[in-house]
Amino acid sequence: MKLAINERYGTVEVIKLIDAPVPKISSNQVLVKVVAAALNPKDILVRKGKFKRFTGKKFPQSIGFDFSGTIEDPGTSSYEKGEQVFGMLNGWQGRCCAEFVNIDAKELYKMPDNLSFEAAAGVPLVGQTALQAIRDIGQLKSGQKICINGGSGGVGTIAIQIARALGGIVTSVSSSKNLEFCRSLGAHYSLAYSETPILDSKDRFDVFFDVFGNYSFKETAHLLTDQGKYITTVPKPDIFKELIWNFWRKKKAKLVVVKSKRADLNWLHDQLEEEKIKPVVDKVYPLSDIKAAQEYIESKRAKGKIILQLGQVGGEGLIS
Ligand SMILES: NC(=O)c1ccc[n+]([C@@H]2O[C@H](COP(=O)([O-])OP(=O)(O)OC[C@H]3O[C@@H](n4cnc5c(N)ncnc54)[C@H](OP(=O)(O)O)[C@@H]3O)[C@@H](O)[C@H]2O)c1
């Protein structure tokens, strides 16, 4: 089968497409024929060696953390061969940019009927990140205010929609060219960081979700309600200090670390089928263009998700 790997840590030049044996499944795993895989900033950080503590020194390292496809071998699970699924791998060993992936049955769920494979592949990592940040860590309640900094990217586009689905009053922050786009996703208020700096706002938020991760708790604390929560996606050193200070204050600083859970994929599946959430796909590339696809993610200008096509099954109805 075709498999995308990093030969070593470095630029996109270390990415290679190789032929590899179809992976075997262990107990609790299923084998999925991948139709589409998503790319995420995590793939770039791993390739550049930013998380060597977790990714180690062994090469080649295969690429990709979330996907959609069909069950090839259900193992001991209740899935059936041919069933359409989407999922995300936990941990640091990506391997979804491949024609087949072996994965724990708890890390995937049946795919929403109304989505193309390309649209579904982009949901598991960013959707679970946003859900776990806003619902579980932020505990956002209906009628509460949330600010989503970085509303137009992979996590932001689904975060706006999840916050709305939970009843939140949503302010998004993006570039000026994406103001209307964020409004169209459901943001009540849409601010451009170049024109209306969020740090100057007189508003108070129950949750400040720093998706882009360029603010600290200290910088945003004045924007929080008395018991408000700042949640970042980026594990910068200051957040670990702030996590300790949480014990002595009402306003909290939090870090989201996404985990793939069947129950959360189920929640996303239902919202997607009810069309309360719509995946946003920016560009779809063939697997052979993985370098260009990663360079686009690295530009930090992606408007929604970047998807790679792997298989031939379905795939009709691409979202532009
Ligand atoms: N901790 C976790 O578990 C976890 C999980 C998922 C993601 N993450 C992290 O979350 C971050 C976002 O991920 P993603 O998938 O959403 O990335 P992404 O899709 O690559 O984000 C691209 C977006 O960033 C926006 N952006 C660029 N400069 C900005 C600025 N100064 N202020 C606000 N927005 C800006 C761009 O919007 P404009 O063009 O409108 O500026 C673009 O739409 C990454 O650092 C990723 O590693 C962490």
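The structure under discussion appears in the preceding block.
Residues numbered from 1 in each chain as written. Predicted model: local features only at pLDDT ≥ 70, side-chain atom pairs only at ≥ 80, totals over all residues. Heavy atoms only, no water.

(A) Just the overall build of the protein chain, in detail. Counting its regular elements, the protein chain contains ten helices and 16 strands. Here the protein chain has a C-alpha radius of gyration of 19 Å; the compact-globule value for 320 residues is 20 Å, and the two agree. Put simply, of all contacts in the protein chain between residues at least 6 apart along the chain, 67% involve residues at least 24 apart. Accessible surface, the protein chain: about 14500 Å² in total, of which carbon and sulfur atoms supply 53%. Of the side-chain charges in the protein chain, 45 are positive and 35 negative, and the distance between the mean point of each set is 7 Å. (Helix = DSSP H or I, 4+ residues; strand = E, 2+ residues; numbered from the N terminus. Rg over C-alpha atoms; globule rule 2.2 N^0.38 Å. Contact = heavy atoms within 4.5 Å. Areas by Shrake-Rupley, 256 points an atom, 1.4 Å probe, with all protein chains shown as cover. Lys, Arg positive; Asp, Glu negative; His and termini not counted. Charge placed at Lys NZ, Arg CZ, Asp CG, Glu CD.)

(B) Summary view of the pattern of salt bridges. Inspection of the entire model under this criterion finds 14 salt bridges. Between Lys2 and Asp19 there is a salt bridge; the shortest N-O distance is 3.1 Å. Note that Lys2 is positioned in strand E1 (residues 2-6) and Asp19 in strand E2 (residues 15-19), a separation of 17 residues in sequence. Among the ionic pairs, Lys48 bridges to Glu298, the shortest N-O distance being 2.8 Å. Pair noted here: Lys48 is in the loop between helix H1 (41-47) and helix H2 (52-55) and Glu298 is in helix H10 (residues 290-298), with a separation of 250 residues, a long-range link. (Salt bridge = Lys/Arg side-chain N within 4 Å of Asp/Glu carboxyl O.)

(C) Just helix H4 (residues 124-137), in detail. The element H4 is extensively covered by neighbouring structure, given that eleven of its 14 residues are classed as buried. For H4, the complete set of buried residues consists of Pro124, Leu125, Val126, Gly127, Gln128, Thr129, Ala130, Leu131, Gln132, Ala133 and Ile134. Immediately beyond the C-terminal end of H4, within one or two residues, lies Gln139, with a positive phi of roughly 50 degrees. (Buried < 20%, exposed > 50% of the residue type's maximum accessible area, 1.4 Å probe, protein only.)

(D) Layout of the environment of Val46. Along the chain, Val46 turns up in helix H1. Judged by its relative accessible area of 7%, Val46 is buried. As for Val46 and Ala187, which are separated by 141 residues in sequence, their C-alpha atoms are 32 Å apart. Once residues within four sequence positions are removed from consideration, Val46 is found in contact with Tyr9, Thr55, Gln61, Phe65 and Trp92.

(E) Up close: the sheet that holds strand E11 (residues 189-192). With parallel pairing, six strands are arranged side by side in an open sheet as E11-E10-E9-E12-E13-E14. With one partner strand each, in any of the chains shown, E11 and strand E14 (252-255) form the two edges of the open sheet. Pairwise comparison of adjacent strand axes, ignoring direction, gives a mean angle of 15 degrees for this sheet. Relative to E14, strand E13 (residues 224-232) runs parallel, the two sharing four bridges. Within the sheet, the bridge partner assigned to Tyr230 lies in E14 and is Ala253. Docked against the sheet, helix H5 (residues 154-165) engages strand E9 (145-149), strand E10 (169-174) and strand E12 (205-210), running at close to 170 degrees with respect to E9. (Pairing = 2+ DSSP bridges. Axes fitted to C-alpha atoms, helices over the stretch in contact; angles between N-to-C directions.)

(F) Region of interest: unusual backbone geometry. Backbone torsion omega between Phe59 and Pro60 reads 0 degrees, so that peptide bond is classified as cis. With respect to the element layout, Pro60 can be found in the loop between H2 and strand E4 (61-62). Even without a glycine there, the phi angle at Gln139 is positive, about 50 degrees. With respect to the helices, strands and loops of the structure, Gln139 is situated in the loop between H4 and E9. Positive phi, close to 60 degrees, is recorded for Glu275, a residue that is not glycine. Under the relative-accessibility criterion, Glu275 is labelled partly exposed at 49%.

(G) A look at the packing of H4 against helix H9 (residues 262-273). H9 packs onto H4 with a crossing angle of 100 degrees between their chain directions and a minimal axis gap of 10 Å. Of the possible angle classes, the one that applies to H4 and H9 is roughly perpendicular. For the pair formed by H4 and H9, the contact residues are Pro124, Gly127, Gln128, Leu131, Gln132, Arg135 and Asp136 on the first element and Asp264, Leu265, Trp267 and Leu268 on the second. Each residue belonging to the contact of H4 with H9 can be placed in one class, and the counts come to five nonpolar, three polar and three charged. (Parallel < 35°, antiparallel > 145°, perpendicular 65-115°, else oblique. Nonpolar A, V, L, I, M, F, W, Y, C, P; charged D, E, K, R; others polar.)

(H) Geometry of the packing of aromatic side chains. Using the criterion set out here, one finds nine aromatic pairs in the structure. An angle of 10 degrees between the planes, with centres 5.1 Å apart, marks the rings of Phe54 and Trp92 as stacked. A residue pair is termed long-range when its members are at least 10 positions apart, and Phe54 in helix H2 and Trp92 in the loop between strand E6 (84-88) and strand E7 (100-104) qualify at 38 residues. Given the relative accessible area of 43%, Phe54 is considered partly exposed. Trp92 sits in the partly exposed class, given a relative accessible area of 25%. An angle of 65 degrees between the planes, with centres 5.8 Å apart, marks the rings of Trp245 and Trp248 as edge-to-face. (Phe/Tyr/Trp six-rings, centres within 6.5 Å; stacked < 30°, edge-to-face > 60°.)

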